[in-house]
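Understanding the architecture of this molecule
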Amino acid sequence: MAGVLAILLGGLGVQYFYLGKIGGGFITILLSLCTCGCWSILTLVQGILMLTMPNQEFERKYVYSNSVFPLF
């Protein structure tokens, strides 16, 4: 679900809010505003990577990580 959200609404940081990374969601919103929406291209790539990686790697990177803003 997080990968689909990153593809569709990645510029708004919805995938981070869904994963419980509230700080990452706000950072994504700020980056989207500062780059005039070009940040959405990176979140599109992130969504594709989220959908293609194995579940163990996804959970290690995005669910169990202490990082506030896990990008790739």
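Cut-offs applied
Residues numbered from 1 in each chain as written. Predicted model: local features only at pLDDT ≥ 70, side-chain atom pairs only at ≥ 80, totals over all residues. Heavy atoms only, no water. Phe/Tyr/Trp six-rings, centres within 6.5 Å; stacked < 30°, edge-to-face > 60°. Helix = DSSP H or I, 4+ residues; strand = E, 2+ residues; numbered from the N terminus. Buried < 20%, exposed > 50% of the residue type's maximum accessible area, 1.4 Å probe, protein only. Expected span 1.5 Å × (residues − 1). Arc of directions from axis to C-beta. Contact = heavy atoms within 4.5 Å. Salt bridge = Lys/Arg side-chain N within 4 Å of Asp/Glu carboxyl O. Patch = residues over 30% accessible without salt bridge, like charges linked within 9 Å, V, L, I, M, F, W, Y side chains within 5 Å. Areas by Shrake-Rupley, 256 points an atom, 1.4 Å probe, with all protein chains shown as cover.

**A look at the packing of aromatic side chains**
In the structure shown here, the tally under the stated rule is four aromatic pairs. When the ring of Phe-58 is compared with that of Tyr-62, the centres are 5.2 Å apart and the planes differ by 40 degrees; the resulting orientation is tilted. Linking Phe-58 with Tyr-62, this pair stays in helix H5 (residues 55–63), spanning four residues, or about one helical turn. Overall, Phe-58 belongs to the buried group, its relative accessible area being 17%. Cluster of aromatic residues (ring-pair linked, three or more members): Tyr-16, Trp-39 and Phe-69.

**Quick look at helix H3 (residues 22–34)**
Given a rise of 1.5 Å per residue, 13 residues ought to cover 18 Å, and the 19 Å separating the end C-alpha atoms of H3 matches this to within 8%. Among all positions in H3, only Gly-24, Gly-25, Thr-28 and Ser-32 are buried. With its buried residues spanning 105 degrees around the axis, H3 presents them on a single face. Exposed residues pointing more than 90 degrees away from the buried face of H3 are listed as Leu-30, Leu-33 and Cys-34. Considering only its buried residues, H3 is in contact with helix H2 (14–19) and helix H4 (39–52).

**Thoughts on the pattern of salt bridges**
Evaluated as defined, the whole model comprises one salt bridge. A salt bridge links Lys-61 to Glu-57; its shortest N-O distance comes to 3.5 Å. Placement of both Lys-61 and Glu-57 in helix H5 is noted, with a separation of four residues, approximately one turn of the helix. Residue class for Lys-61 comes out partly exposed when judged on its relative accessible area of 22%.

**Focus on a nonpolar patch on the surface**
On the surface, a nonpolar cluster with roughly 690 Å² of combined accessible area is contributed by Val-4, Ile-7, Leu-8, Leu-9, Leu-12, Leu-44, Ile-48 and Leu-51. Of all elements in the fold, only helix H1 (2–9) and H4 reach the threshold of two or more residues within the nonpolar patch. Per-element accounting of the nonpolar patch gives the leading share, four residues, to H1. Of note, Leu-9 is situated in helix H1.

No statement about biological role is implied by the geometric values presented.
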